[in-house]
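Listed below are the residues making up each chain.
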Amino acid sequence: RYPQLTFRYRDGDRIAMVAGRRLQVRHVVEMVEGCDGDSGAAAAEYRLPVATVDACLAYYAEHKAEMDAWIARELDASEDAFQAWVAERGLAEPA
């Protein structure tokens, strides 16, 4: 259904990727959001065809709950790793 996309599996999660690139669909979606919804501008930033960006957006819309849950887990894990790094070094958390 989405020939522009492929999937990688890690820790039981399915991660949607742009085929032939090491680029997650979530990053393309975030770039579109950062470009005020302009998929053409996001495509230019990543040097992708607009059709590929549109496929990322369509996939995200169709699997929003699954992707948002995975993103939340990734962000939590990242924050936990950062806090452990800070604690190991006895550093104060940045303001």
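Scroll up a little and you will see the structure.
This write-up is about the structure you can find in this document. (Residues numbered from 1 in each chain as written. Predicted model: local features only at pLDDT ≥ 70, side-chain atom pairs only at ≥ 80, totals over all residues. Heavy atoms only, no water.)

**Structural notes on the overall build of the protein chain**
Stated precisely, the cut-off is as follows: Think of it this way: any DSSP run of H or I at least four residues long counts as a helix, any run of E at least two long counts as a strand, and we number them from the N terminus. Remark: exposure states derive from per-residue accessible area (1.4 Å probe, protein chains only) relative to the maximum for the residue type, with buried under 20%, exposed over 50%, and partly exposed in between. Should any heavy atoms of two residues lie within 4.5 Å, those residues are considered in contact. Only the protein chains shown count as cover for residues, and the accessible areas themselves come from Shrake-Rupley with a 1.4 Å probe. Under the counting rule used here, the positive set is Lys and Arg, the negative set is Asp and Glu, and His together with the chain ends is not counted. Working definition for charges: the position is that of NZ of Lys, CZ of Arg, CG of Asp or CD of Glu.
Assigned secondary structure in the protein chain consists of four helices and two strands. Its helices and strands in sequence order give the protein chain the pattern β-β-α-α-α-α, from N to C terminus. Here the protein chain holds 95 residues, and the buried ones make up 32% of them. At a minimum sequence separation of 6, the contacts of the protein chain that also span at least 24 residues come to 43%. For the protein chain, the computed accessible surface area is about 6200 Å², with 52% contributed by carbon and sulfur atoms. Side chains of the protein chain give 11 positive and 17 negative charges; the mean places of these two sets differ by 7 Å.

**Side note on helix H3 (residues 50-62)**
What counts is decided by this rule: Helix span, as expected, comes to 1.5 Å for every residue beyond the first. As used here, the arc is the angular range of directions from the helix axis to the C-beta atoms.
Across its 13 residues, H3 extends 18 Å between first and last C-alpha, which sits within 8% of the 18 Å expected from 1.5 Å per residue. Every buried residue of H3 is accounted for by Thr52, Val53, Ala55, Cys56, Tyr59 and Tyr60. Each buried residue of H3 lies within a common arc of 155° when the element is viewed along its axis, so the set occupies one face.

Geometric descriptors of this kind do not, in isolation, establish any biological role.
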